Amino acid sequence: MSRARAIFIKQAKDMFRNPMMLIQFIIYPAVAFIMTELIAKSNPDISNNMFVTMMGAIFAGMALILSMSSVIAEDVERKSLRLLVMAGVKPHEYLLGAGGFILLAGIIVSGVFGLIGDFTGAELIKFLAVMAAATSASIVLGAIIGMLAKNRQTASAIATPLAMILGFAPMVASFNETAEKAASFLYTQQLNVLVNDFSASFSKAMAVIGVNILVLLAVFVFAYRKKGLKG
Amino acid sequence: MIRMNGVVKRFSQQTVLSDVTFCVQKQEIFGLLGPSGAGKTTIINILTNQLQADGGSHGIDAAASETGLMLDEDGLYTRLSCVENLNVFADIYAIPRKKSLEALESVGLADAAKKPVNKLSRGMRQRLALARAILHSPKILFLDEPTSGLDPAAARGIHKLIHNLRDSGATVFLTTHNMDEAVKLCDNVALLHKGRIVEHGAPAEICERHSAMKTSPDLESVFIILTGVELE
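Since the model is a prediction, treat every value here as computed from it, not as a measurement.

Comments concerning the sheet that holds strand β1 (residues 2–11) of chain B
Residues and elements named next belong to chain B. The three strands are arranged β2-β1-β4 in an open sheet whose pairing can be described as antiparallel. Of all strands in the sheet, those bounded by a partner on one side alone are β2 (14–24) and β4 (55–60). Each strand of the sheet is rotated relative to its neighbour by a mean of 25°, with strand direction disregarded. With five bridges joining them, β1 and β4 adopt antiparallel strand pairing. If you follow Met4 over to β4, its bridge partner there is His58. Lying on the sheet, helix α1 (residues 40–47) is in contact with β1, β2 and β4; it crosses β1 at an angle near 115°.

Focus on a nonpolar patch on the surface
A contiguous nonpolar patch, built from Phe33, Ile34, Leu38 and Ile39 of chain A and spanning about 380 Å² of accessible area, is present on the exposed surface. Counting through the fold element by element, Leu38 of chain A comes out in helix α2 (residues 19–38).

A word on the interface of chain B and chain A
Listed as interface residues are 24 residues of chain B and, on the opposing side, 22 residues of chain A. For the pair chain B and chain A, the summed buried surface comes to about 2200 Å²; carbon and sulfur atoms form 56% of the total. Between Glu84 of chain B and Arg17 of chain A there is a salt bridge whose closest N-O contact spans 2.6 Å. Remark: the boundary between chain B and chain A carries eight residue pairs in polar contact (both at pLDDT 80 or more). With five residues, helix α2 (residues 82–92) of chain B is the single largest residue contributor to the side of chain B that touches chain A. Of the residues assigned to the side of chain B that touches chain A, the class counts are nine nonpolar, seven polar and eight charged.

Some details on the confidence of the model for chain B
All names here are of chain B. Confidence in the prediction for chain B averages 89 pLDDT; 97% of positions are at 70 or higher. At the level of individual helices and strands, chain B shows its lowest average pLDDT in helix α8 (residues 219–227), which scores 82, and its highest in α2, which scores 96. ipTM for the predicted complex: 0.84, alongside a pTM of 0.85.

Digging into the sheet that holds strand β8 (residues 188–193) of chain B
Residues and elements named next belong to chain B. In space, the six strands of this open sheet follow the order β5-β6-β7-β3-β8-β9, with mixed pairing throughout. One side of each edge strand has no neighbouring strand; the edge strands of this open sheet are β5 (67–70) and β9 (196–201). Within this sheet the neighbouring strands show an average axis-to-axis angle of 15°, counted without direction. Two strands pair when backbone bridges link them, and β8 and β9 are joined in this way by five bridges, in the antiparallel orientation. Across the sheet, Val189 pairs through a bridge with Gly201, a residue of β9. Helix α4 (residues 122–134) contacts β5 and β6 (140–144) of the sheet and is inclined by roughly 165° relative to β5. Along the sheet, helix α5 (residues 152–167) makes contact with β3 (29–33), β6 and β7 (171–176), crossing β3 at roughly 135°.

A word on the confidence of the model for chain A
Looking at chain A, pLDDT values average 89 and 98% of them are 70 or higher. Across chain A, element-level confidence peaks in helix α1 (residues 2–16) of chain A with a mean pLDDT of 93 and bottoms out in helix α9 (residues 187–196) of chain A with 86.

Re the pairing of β6 of chain B
All names here are of chain B. Extensive coverage of β6 is indicated by the burial of five of its five residues. Burial of β6 is two-sided: the residues Ile140, Phe142 and Asp144 facing one way and the residues Leu141 and Leu143 facing the other way are all buried. Pairing between β5 and β6: four bridges, direction parallel. When the sheet's bridge partners are listed, Met70 is paired in β6 with Leu143. The pairing of β6 with β7 spans five bridges and is classified as parallel. Residue pairing across strands places Leu141 opposite Val172, the latter belonging to β7. Chirality of the crossover, the property in question, places the unit of β6, α5 and β7 among those that are right-handed.

Digging into the side chain of Thr48 of chain B
With respect to the helices, strands and loops of the structure, Thr48 of chain B is situated in the loop between α1 and β4. Given the relative accessible area of 9%, Thr48 of chain B is considered buried. A distance of 2.7 Å separates the side chain of Thr48 of chain B from the backbone oxygen of Ile44 of chain B, its partner in a polar contact. A distance of 3.5 Å separates a polar atom in the side chain of Thr48 of chain B from the backbone oxygen of Asn45 of chain B. Excluding residues that lie within four positions of it along the chain, Thr48 of chain B makes contacts with Met86 of chain A together with Leu69 and Phe142 of chain B.

Reading guide: rules and limits
Residues numbered from 1 in each chain as written. Chains lettered and ligands numbered in written order. Predicted model: local features only at pLDDT ≥ 70, side-chain atom pairs only at ≥ 80, totals over all residues. Heavy atoms only, no water. Pairing = 2+ DSSP bridges. Helix = DSSP H or I, 4+ residues; strand = E, 2+ residues; numbered from the N terminus. Axes fitted to C-alpha atoms, helices over the stretch in contact; angles between N-to-C directions. Contact = heavy atoms within 4.5 Å. Patch = residues over 30% accessible without salt bridge, like charges linked within 9 Å, V, L, I, M, F, W, Y side chains within 5 Å. Areas by Shrake-Rupley, 256 points an atom, 1.4 Å probe, with all protein chains shown as cover. Salt bridge = Lys/Arg side-chain N within 4 Å of Asp/Glu carboxyl O. Buried area = accessible area lost by both parts, 1.4 Å probe. Polar contact = N/O pair within 3.5 Å; in protein donor to acceptor, adjacent residues only side chain to side chain. Nonpolar A, V, L, I, M, F, W, Y, C, P; charged D, E, K, R; others polar. pLDDT = per-residue confidence, 0-100. Buried < 20%, exposed > 50% of the residue type's maximum accessible area, 1.4 Å probe, protein only. Right-handed = clockwise from strand over helix to strand, strands pointing away.

Okay, here's the thing in C-alpha cells:
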C-alpha cells in the first residue's frame, strides 16, 4: 500500500498546482449553485434539485472521464508511468493512487452538490452513494483511455466523444424505448435514473454500476500490462 | 554481472538486433556505443525486461528493485519540486525520505531542492533524473545517453558522478554515441552498428587491435574502419 500512497500524495500535490484540472472540480458545483439560486428557487415549476442532479450527473458521468484520462495520458506521454512500472508499481496500486485522489475529490464535490440540493436524509445518502459509484466507473474508464492514448491530445480526442455518448445516452433513452433498453446497461443511465427518481430501484442501479466497474477494471489491468512499459 | 548471449530482436519484419553477445563484470562501467538507431536503447529495454527478445538469452545478477534506470526522456513530474519528485520514489522503494536530499546533494542539486522541475535547465533535469536512478542505491545502473544535450561542464559533472558510483560498488551500463565520453568513462565498450556488435573490449585494446590499419587510431576511426560510417 505504500506505493499506492506515494502516488496518491503525488497526485494530490500535482492537482493543486494544475489549474486546468482544478477548475473541473469547481465549475460544475458552481454552475449548479448559481442556477439553483437564480432560476430554480424563484420558479415554482422547477424542482429545487433540478440543476444539482443535472450538473451532478454530468460531473460524475462525463467530466471525470476527461480528468482521469488526462492524468494518466500525461504519465504515459512523459514516460513517468514506465518508470513507475520499472519501480515495481502494480496496476491496482497505480489505479488506487492516481484514481484514489480523483475519487476522493469527486466524493467531496458530490458532497458539495448534496449541500446545494434540497434532499431529505435518505435521498442524500442515495445521491452520494450513486455519485460515488458512478465516479468510480468514470475514473476507471478515464484511466483506460489515458493508458491507451499516446498523449494528452489523443486522450482528449477519445475521451470527449465517449463521455458525450455516455452522458447523452440517458437523454436519448428518455425519448426512445429501444435506446432505453440498451442504455440500461450503462452506469450513466443508472446514475441518471436514480438521481432523478429516488423511488427507483437503488439495488438494481448499484448492481449495474458495479458490473460496469468490474468490466472496466478488467480492461484496465489488461491495458496497464500491455501499455505500461511502452508508454 | 550483466550478460547477453546471441540475442535477436525483431520489430515486425525488421531485425533490429542480431546475435548480440557481451558480458559486463561487477563494478565495471560498460559503454554501448553506436549511432542513433543502432539498437542501444533496445538492448537496455531487453535487459530491464521492458521488451522481450525473440532469441538468445540474457540476464542480470540483481532483482528489479536493485536496478536503477535513467531513460532517454526524464519522466519527471514537472509541477512538483526536485525533492518531491524524489520523495515519490523514496516512498515507492520504502526508503527514508532523507535519502532524497542525499541524492540531490550527490548530483549538486541540494540548493534547488524546492525548485519546481519546470523551472530547471536541461542539465539540471538530467542530474535530477540521475538522482532518481541512484536514490535506492542500486547494484546495477542503466543510463541511456546520460549526457545527451548537456554542455561540457554539466557532462563532466555527470562523468564524475558515474565514477563515484562505480567506486561505491555499482555496475554501470550506459549508452552513448560520444566516443570521447566512452574513452574517458568506460572500462569496456561494445561498438554497435545496425544491431550487431562489431567490436568490444577496453577502449585502449580496441585501438591497439586496429593500429595496423591506421597510426594511433582512436575509437571513432576504429568505428569508421569497421562500419564505413561516422558516429556523430
